[in-house]
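Close look at the chain arrangement
The lines below spell out each chain.
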There are 2 protein chains.
Amino acid sequence: MESTSARTDICASAPRAHPRPAGQDRYTISEVAAFTGLTAHTLRWYERIGLMPHVDRSHTGQRRFTNRDLDWLAFVSKLRLTGMPVADMVRYAELLREGDHTFEERQQLLEATRRDVRNRIAELQGTLAVLDFKIDFYAGARRTPERGLTT
Amino acid sequence: MESTSARTDICASAPRAHPRPAGQDRYTISEVAAFTGLTAHTLRWYERIGLMPHVDRSHTGQRRFTNRDLDWLAFVSKLRLTGMPVADMVRYAELLREGDHTFEERQQLLEATRRDVRNRIAELQGTLAVLDFKIDFYAGARRTPERGLTT
DNA sequence: TAGAACCTTGGAGTGCACTCCAAGCAAGCG
DNA sequence: CGCTTGCTTGGAGTGCACTCCAAGGTTCTA
């Protein structure tokens, strides 16, 4: 669990996941919920805990998200898939808000995350091997039915 | 998110993860905790919720785990890594207890799990691509420092 | 201008997977 | 035998990541 030089030639363009209407830059919370797959509740919660880099408001106080916010949310959603704790993502968001002098720490955080993701992939491939082994056994036992496997 | 014919040529032997002393077949709960990395609390909890296929007891009622139990726990630990809900693992354990006529359902459950794991790996590889992209950006910006990336 | 559908807030509730506790019995050693 | 360490139970507590609620203000469509 350390090797696996996972190739990443798919989708190596700029991180823009969910389709969104062109020429618009102010979205209500429910529009953003539709684009990202997150609920409005979750979006408000993200803002509360400091995971959103301060969202714009209309003159009456309603949230108006921008394309930049959508980019950020797409990135956060990717990180979420890795099982990265929300607290760590908040940390990264804080570093961004603090400006240029956190550059190096951000880079290190990203690199640590990448190591975690690679390890995670290696683990999953190990599990896949076990599943393949067991499924092969089931397929074999189907042809010569005799005993029912103990795990 | 559906492709990725993940190769699984590593560790494709019989599923036996943690080293254990030869010629022994009765382990106390703390020994099992040491071998598996699970806590004694968790092992008791697994039994309570029906995830252990009925553990043997000493004449005074203390648990005595067997090598077969260790095999099962190794398998469960693998499944746990995939993020499979405990309830689903309990379901599989129930099917095992119910005997031969659940053979097909068990096979299907394993195959569904394998699909999930493959999808998970594909997702992670997508995330890895995003991380690589961003880390490359950071490395480039280090050589020509000018602006600090917005996500 | 009415009504429906949407948005706001703080705080409380949910589900999962553990994790711990207290009180008491069991096992092994000098 | 006494002592320490380990094991037993049901039930309560924890941490995470949401998820929902009530009461009220806003925006859109007819």
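My aim in this report is to walk through the structure given alongside it, one point at a time. Just so you know, these numbers come straight off a predicted model, no measurement behind them. (Residues numbered from 1 in each chain as written. Chains lettered and ligands numbered in written order. Predicted model: local features only at pLDDT ≥ 70, side-chain atom pairs only at ≥ 80, totals over all residues. Heavy atoms only, no water.)

Details of the packing of aromatic side chains
- If you walk through the whole model with that rule in mind, you get 12 aromatic pairs over all chains.
- Measuring from centroid to centroid gives 6.2 Å for Trp72(A) and Tyr92(A), while their planes differ by 5 degrees, and the two rings are stacked. Remark: Tyr92(A) occurs in helix α4 (residues 86-98) and Trp72(A) occurs in helix α3 (residues 67-81); sequence separation between them is 20 residues.
- Accessibility expressed as a relative area gives 2% for Trp72(A), which makes it buried.
- The exposure class of Tyr92(A) is buried, given its relative accessible area of 1%.
- On the numbers, 4.7 Å between centres and 40 degrees between planes, the contact of Tyr138(A) with Phe103(B) is tilted. With Tyr138(A) in helix α5 (residues 103-143) and Phe103(B) in helix α5 (residues 103-143), this residue pair bridges two chains. Residues Tyr138(A) and Phe103(B) agree in their burial class; the two are buried.
- Ring pairs connect the aromatic residues Trp72(A), Phe75(A) and Tyr92(A), which therefore count as one cluster.
- Seen from the ring of Phe75(B), Lys134(A) lies directly overhead, with NZ or CZ sitting 4.4 Å from the centre. (Phe/Tyr/Trp six-rings, centres within 6.5 Å; stacked < 30°, edge-to-face > 60°. Helix = DSSP H or I, 4+ residues; strand = E, 2+ residues; numbered from the N terminus. Buried < 20%, exposed > 50% of the residue type's maximum accessible area, 1.4 Å probe, protein only. Lys NZ or Arg CZ within 6 Å of the ring centre and 35° of its normal.)

Considerations on the protein's contact with DNA strand C
- In the region of DNA strand C, 20 residues are neighbours, and Ser30(A), Arg44(A), Arg63(A), Thr60(B) and Arg80(B) sit closest.
- With respect to DNA strand C, the side chain of Arg48(A) contributes an N or O atom lying 3.3 Å from a base nitrogen.
- Contact distances for DNA strand C include 3.3 Å between a phosphate oxygen and a backbone N or O atom of Val86(B).
- Taken together, the elements giving at least two residues each to the surface near DNA strand C come down to α1 (29-36) and α2 (40-48) of chain A together with α2 (40-48) of chain B.
- Broken down by element, the surface near DNA strand C gets its largest block of residues, 5 residues, from α2(B).
- Taken together, the residues of the surface near DNA strand C sort by class into 5 nonpolar, 9 polar and 6 charged. (Near = heavy atom within 4 Å. Polar contact = N/O pair within 3.5 Å; in protein donor to acceptor, adjacent residues only side chain to side chain. Nonpolar A, V, L, I, M, F, W, Y, C, P; charged D, E, K, R; others polar.)

Focus: the protein's contact with DNA strand D
- Close to DNA strand D lie 20 residues, the nearest being Thr60(A), Arg80(A), Ser30(B), Arg44(B) and Arg63(B).
- Across the atoms of DNA strand D situated within 4 Å of the protein, the share located in sugar and phosphate is 71%.
- With respect to DNA strand D, the backbone of Val86(A) contributes an N or O atom lying 3.3 Å from a phosphate oxygen.
- Arg63(B) places a side-chain nitrogen or oxygen 2.5 Å from a phosphate oxygen of DNA strand D.

Quick notes on the packing of α3(A) against α4(A)
All names here are of chain A.
- One way to put it is that α3 packs onto α4 with a least axis distance of 11 Å and a crossing angle of 145 degrees. As α3 runs across α4, the sense of the crossing is right-handed. Judged by residue contacts, Trp72, Phe75, Val76, Leu79 and Arg80 of α3 engage Met89, Tyr92, Ala93 and Leu96 from α4. (Axes fitted to C-alpha atoms, helices over the stretch in contact; angles between N-to-C directions. Left-handed = near helix turned anticlockwise from the far one by under 90°. Contact = heavy atoms within 4.5 Å.)

Focus on α1(A)
Residue and element names in this part refer to chain A.
- Among all positions in α1, only Ile29, Val32, Ala33 and Thr36 are buried. One side of α1 holds all its buried residues, which, seen down the axis, span an arc of 105 degrees.
- Residues of α1 that are buried make contact with α2, β2 (63-64) and α3.
- Gly37 occupies a position one or two residues after α1 and carries a positive phi of about 85 degrees. (Arc of directions from axis to C-beta.)

Quick word on helix α4 (residues 86-98) of chain B
- The first and last C-alpha atoms of α4(B) sit 18 Å apart over 13 residues, in line with the 18 Å expected at 1.5 Å per residue.
- Of the residues one or two after α4(B), Gly99(B) is the one with positive phi, at around 100 degrees. (Expected span 1.5 Å × (residues − 1).)

So, the pattern of salt bridges
- If you walk through the whole model with that rule in mind, you get 14 salt bridges over all chains.
- With a closest N to O distance of 2.6 Å, Asp132(B) and Arg114(A) form a salt bridge. Here Asp132(B), found in helix α5, pairs with Arg114(A), found in helix α5, and the two come from separate chains. Both residues of the pair, Asp132(B) and Arg114(A), count as buried.
- Residues participating in the shared-partner salt-bridge network are Glu47(A), Arg57(A) and Arg63(A). (Salt bridge = Lys/Arg side-chain N within 4 Å of Asp/Glu carboxyl O.)

Remarks on the environment of Val117(A)
- Here Val117(A) shows up in helix α5.
- Under the relative-accessibility criterion, Val117(A) is labelled buried at 2%.
- Taking C-alpha positions, Val117(A) is 9.1 Å from Met84(A), a pair spaced 33 residues apart along the chain.
- Once you skip the residues sitting within four places of it in the chain, Val117(A) turns out to touch Thr82(A), Leu124(B), Leu128(B) and Leu131(B).

Geometric descriptors of this kind do not, in isolation, establish any biological role.
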